[in-house]
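Take a look at the letters that make up each chain.
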Amino acid sequence: QVQLVESGGGLVQAGGSLKLSCAASGGTFSMYTMAWFRQAPGKEREFVVGVSRRGGNTYYLDSVKGRFTISRDNAKNMVYLSMNSLKPEDTAVYFCAANQWDTISTSAAVYNHWGQGTQVTVSS
């Protein structure tokens, strides 16, 4: 089974940028569809973006389109989330997730492997 570890979170001013990383180990990384979710205090976990096994397909939450970019490097077992033009409403714990289905789902229930999360705080 794959294990996921996120890094790269932090505090940034509105309009700034951050790049999150997710390192995978213990599985065949290229067989997993990967995604980033986020959860703000008092809110449900929310799908942000997903990427297909080979990186050819992506799907974004509307509110992050044009600002966030997901990428993966199957040779390094890594997935990244580049976040630009950050807004205070992007503040949340960001989670890396993996599922073994060959489809990008926006449902957290489909993903059976999760990282511990990394905090992103955007100040106004």
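Structure's up top.
Position numbers for residues count from 1 along each chain, tracking the sequence in the order it is written. Whole-chain, interface and lining totals are the exception, using all residues; otherwise, since this is a predicted model, local features are given only for residues with pLDDT of at least 70 and side-chain atom pairs are given and counted only at 80 or more. To obtain the side-chain values, all non-hydrogen atoms of the structure were used and water was disregarded.

(A) Up close: the packing of aromatic side chains. Only rings of Phe, Tyr and Trp enter the pairing, Trp through its six-membered ring, and a pair is recorded when the two centres are within 6.5 Å. The plane angle decides the type: under 30 degrees is stacked, over 60 is edge-to-face, the rest tilted. Going through the model one piece at a time under the given rule, you end up with 6 aromatic pairs. Centroid distance Phe37 to Tyr111: 5.2 Å. Interplanar angle 75°. Geometry classified as edge-to-face. With Phe37 in strand E4 (residues 33-39) and Tyr111 in the loop between strand E9 (92-99) and strand E10 (113-114), this residue pair connects regions lying 74 residues apart in the sequence. For each residue, the accessible area found with a 1.4 Å probe, counting protein chains only, is set against the maximum for its type, and the residue is called buried under 20%, exposed over 50%, and partly exposed in between. We classify Tyr111 as buried; its relative accessible area is 3%. Where helices and strands are cited, they refer to DSSP runs of H or I of at least four residues and of E of at least two residues respectively, numbered from the N terminus.

(B) Focus on the pattern of salt bridges. Definition used for salt bridges: Asp or Glu carboxyl oxygen within 4 Å of a side-chain nitrogen of Lys or Arg. Under the criterion given, the structure shown has 4 salt bridges. Between Asp90 and Arg38 there is a salt bridge; the shortest N-O distance is 3.0 Å. With a gap of 52 residues between them, Asp90 in the loop between strand E8 (78-83) and E9 and Arg38 in strand E4 connect regions that are remote in the sequence. Residues Arg67 and Asp90 are paired through a salt bridge, measuring 2.7 Å at the closest nitrogen-oxygen approach. In this pair, Arg67 sits in the loop between strand E6 (58-60) and strand E7 (68-73) while Asp90 sits in the loop between E8 and E9, placing the two residues 23 residues apart along the sequence. No difference in accessibility class separates Arg67 from Asp90, as the two residues are buried. Within this structure, Arg38, Glu46, Arg67 and Asp90 form a network of salt bridges that share partners.

(C) Examining the state of the cysteines more closely. Sulfur atoms of two cysteines make up a disulfide when they are within 2.5 Å. The tally for this structure, following the rule as stated, stands at 1 disulfide. Through a disulfide, Cys22 is tied to Cys96; the S-S separation comes to 2.1 Å. Looking along the S-S bond of the Cys22-Cys96 disulfide, the torsion reads about -80°, which is the left-handed sense. Remark: Cys96 occurs in strand E9 and Cys22 occurs in strand E3 (residues 18-25); sequence separation between them is 74 residues. With a relative accessible area of 0%, Cys22 lands in the buried category.

(D) Representation of the nonpolar core in the model. Put simply, buried Ala, Val, Leu, Ile, Met, Phe, Trp, Tyr and Cys residues joined by side-chain atoms within 4.5 Å make one nonpolar core. Counting 28 residues, the largest nonpolar core has Met34, Trp36, Phe68, Val79, Met83 and Tyr94 as the members making the most contacts within it. Among the secondary structure elements, those contributing two or more residues to this core are E3, E4, strand E5 (46-51), E7, E8, E9 and strand E11 (118-123). Working rule for contacts: check all heavy atoms of both residues, and any pair within 4.5 Å makes them a contact. Residues within four places of Met34 in sequence aside, it is in contact with Leu4, Cys22, Phe29, Val49, Gly50, Val51, Ile70, Arg72, Val79, Cys96, Ala97 and Ala98. Of all hydrophobic cores here, the second largest spans 5 residues; its members include Ala35, Phe37, Ala97 and Tyr111.

(E) How the structure looks around the pairing of E11. The alternating pattern of E11 places Thr118, Val120 and Val122 on a buried face and Gln119, Thr121 and Ser123 on a face that is not buried. In this description, strands pair whenever DSSP reports at least two bridges between them. Across 4 bridges, strand E2 (residues 10-13) lies against E11 in parallel orientation. Its bridge partner being in E11, Gln13 is matched across the sheet by Ser123.

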